[in-house]
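Given next are the chains, with one letter for each unit.
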Amino acid sequence: MTLVLEEAQAAESVCSLENYLTLPDHTMDARIAAARQKLGASTVILGHHYQRDEVIRFADFTGDSYKLSKAAAETSAKYILFCGVHFMAESADVLGQAGQEVILPDLNAGCSMADMAEISQVEACWEALEAMGLTEDMIPLTYMNSTAAIKAFCGERGGLVCTSSNARAAFEWAFARGKRILFLPDQHLGRNTGYAMGIPLNEMTVWDPWALQGGQTKAAFESSRVILWKGHCSVHQRFLPSHVDQVRAKYPGIQVIVHPECRWEVCQKADALGSTERLIKIVEDAPEGSMFAIGTEIHLVNRLAKRFADKGKKIITLDDTGCLCTTMYRISPQHLAWALENLVEGRVVNQIKVRRNVKHWARVALDRMLEIKG
Ligand code: 13P
Ligand code: SF4
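Here's what I pulled together on the structure shown here. Just so it is clear, the structure is predicted and the values come from calculations on it, not from any experiment.

**What to know about empty space enclosed by the protein**
Okay, so step 1: By the definition in use, this model includes 1 cavity of 30 Å³ or more.
Okay, so step 2: Its volume calculated, the largest cavity comes out at about 50 Å³.
Okay, so step 3: Those elements that place two or more of their residues in the lining of the largest cavity are α5 (65-74) and α6 (86-95).
Okay, so step 4: For the lining of the largest cavity, a count of residues per class yields 7 nonpolar, 3 polar and no charged.

**Concerning the site of ligand 2**
Okay, so step 1: Neighbouring ligand 2 are Tyr-50, Cys-111, Ser-112, Met-113, Asn-145, Cys-233, Val-235, Glu-261, Cys-325 and Met-328.
Okay, so step 2: Classifying every residue of the shell around ligand 2 by side-chain character gives 7 nonpolar, 2 polar and 1 charged.

**So, the sheet that holds strand β5 (residues 138-143)**
Okay, so step 1: One open sheet accounts for 5 strands, arranged β6-β5-β7-β9-β8; its pairing is parallel. The open sheet terminates on both sides in strands that have one partner only, identified here as β6 (160-162) and β8 (204-207). Mean inter-strand twist for the sheet, computed between neighbouring axes without regard to direction, equals 25 degrees.
Okay, so step 2: Sitting on the sheet, helix α9 (residues 167-175) touches β5, β6, β7 (180-184) and β9 (226-229), and the angle it makes with β7 is about 145 degrees.

**Notes on the pattern of salt bridges**
Okay, so step 1: Tallied over the full model, the rule gives 21 salt bridges.
Okay, so step 2: Notably, a salt bridge pairs Arg-36 with Asp-60, separated by 3.1 Å at the nearest N-O pair. In this pair, Arg-36 sits in helix α3 (residues 28-39) while Asp-60 sits in the loop between α4 (53-56) and β2 (61-63), placing the two residues 24 residues apart along the sequence.
Okay, so step 3: Overall, Arg-36 belongs to the buried group, its relative accessible area being 16%.
Okay, so step 4: Of the residues examined, Asp-60 reaches a relative accessible area of 37% and is grouped as partly exposed.
Okay, so step 5: In this structure, Glu-74 and Lys-70 form a salt bridge, with 3.9 Å as the shortest nitrogen-oxygen distance. Of this pair, Glu-74 and Lys-70 are both found in helix α5, 4 residues apart, which corresponds to roughly one turn of the helix.
Okay, so step 6: On the basis of relative accessible area, Glu-74 is assigned to the exposed category, the value being 58%.
Okay, so step 7: Taken together, the shared-partner salt bridges in this structure form one network comprising Asp-53, Arg-303 and Lys-306.

About the thresholds
Residues numbered from 1 in each chain as written. Chains lettered and ligands numbered in written order. Predicted model: local features only at pLDDT ≥ 70, side-chain atom pairs only at ≥ 80, totals over all residues. Heavy atoms only, no water. 1 Å grid on protein atoms, 1.4 Å probe; cavity = no way out; pocket = protein on both sides within 12 Å on 5 of 7 lines; lining within 4 Å. Points joined across faces, edges and corners; volume = space filled by probe spheres on them. Helix = DSSP H or I, 4+ residues; strand = E, 2+ residues; numbered from the N terminus. Nonpolar A, V, L, I, M, F, W, Y, C, P; charged D, E, K, R; others polar. Near = heavy atom within 4 Å. Pairing = 2+ DSSP bridges. Axes fitted to C-alpha atoms, helices over the stretch in contact; angles between N-to-C directions. Contact = heavy atoms within 4.5 Å. Salt bridge = Lys/Arg side-chain N within 4 Å of Asp/Glu carboxyl O. Buried < 20%, exposed > 50% of the residue type's maximum accessible area, 1.4 Å probe, protein only.

What follows is the structure, encoded as structure tokens:
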């Protein structure tokens, strides 16, 4: 009896996270590969493009938020190991089938933008807009980078989810059904999308959840076609219009391509905007000798620079201080090895489980997104 207990304790301590965190990165490779092989088809590893090389090389599917949510919806693997951030794992749980379990290797891998909209704040905003008589023909639309509760809020009120790759299609979907959009939580993606569709800036008003009545007059909201939540991505806010001028002066002929989470002034100066998947495609399709300054997370930029160096394409980051998403970075090879080896032992660690009542409407909102053309 004592022996059995000791054996159980020994197995537990081998698989406790602290035992992994002090080990060097390179020692994880063989362990991750071995655990991955043992788990076989029971497990799928999804990796977002911002993950570090030591992690993403083990992903079965890589992609932007849209592509990964589709992969999560289509896989039949029992375990979905999500190398990304919390809202992505939540969406995978919402879209997954009964019996599938989603694992986020480090629970601290959140998203500061998603944290900028709390469900209680969104409910208060809606109530205030309702009191102004504006919600009847308003469609709530949330960026994927939001909690499942906010996705559910949108689903329940006739709205949907979008990613940076299908924001325009989602806007068109919403305008076919209503006169106004409440766009959560990234004001920049909302503004860039609306503007590209011909909506002037003065018809897109920011709702500040920390200010009385959103910080604007009723008249300003009444004359708006898009109400933008005051949220942003701190990584992409670091790119400035002056960076565009500087790289153009230094490298004549360089193309500037940026993620639409960048501020409007940067996007206006850029040659193209796109989701992470689209940015990759632009570089892939460019002829030899092309030069790009990319405004997005540094791991993706560095990976592209390495991948295309011997194909005669020069790739630099738009801001040479390097913009790192610290929460994506939290998924380390040690966390991945820990999650996988625990699975081999039959233990599911860091499972992400969305509450049942939230799941239903979040699924409605996500399904609407998957149904529209990206
Ligand atoms: P993508 O959907 O373009 O991959 O973007 C996700 C994200 O969080 C960007 O900051
Ligand atoms: Fe969130 Fe920005 Fe990181 Fe994307 S890059 S996960 S929006 S903090």
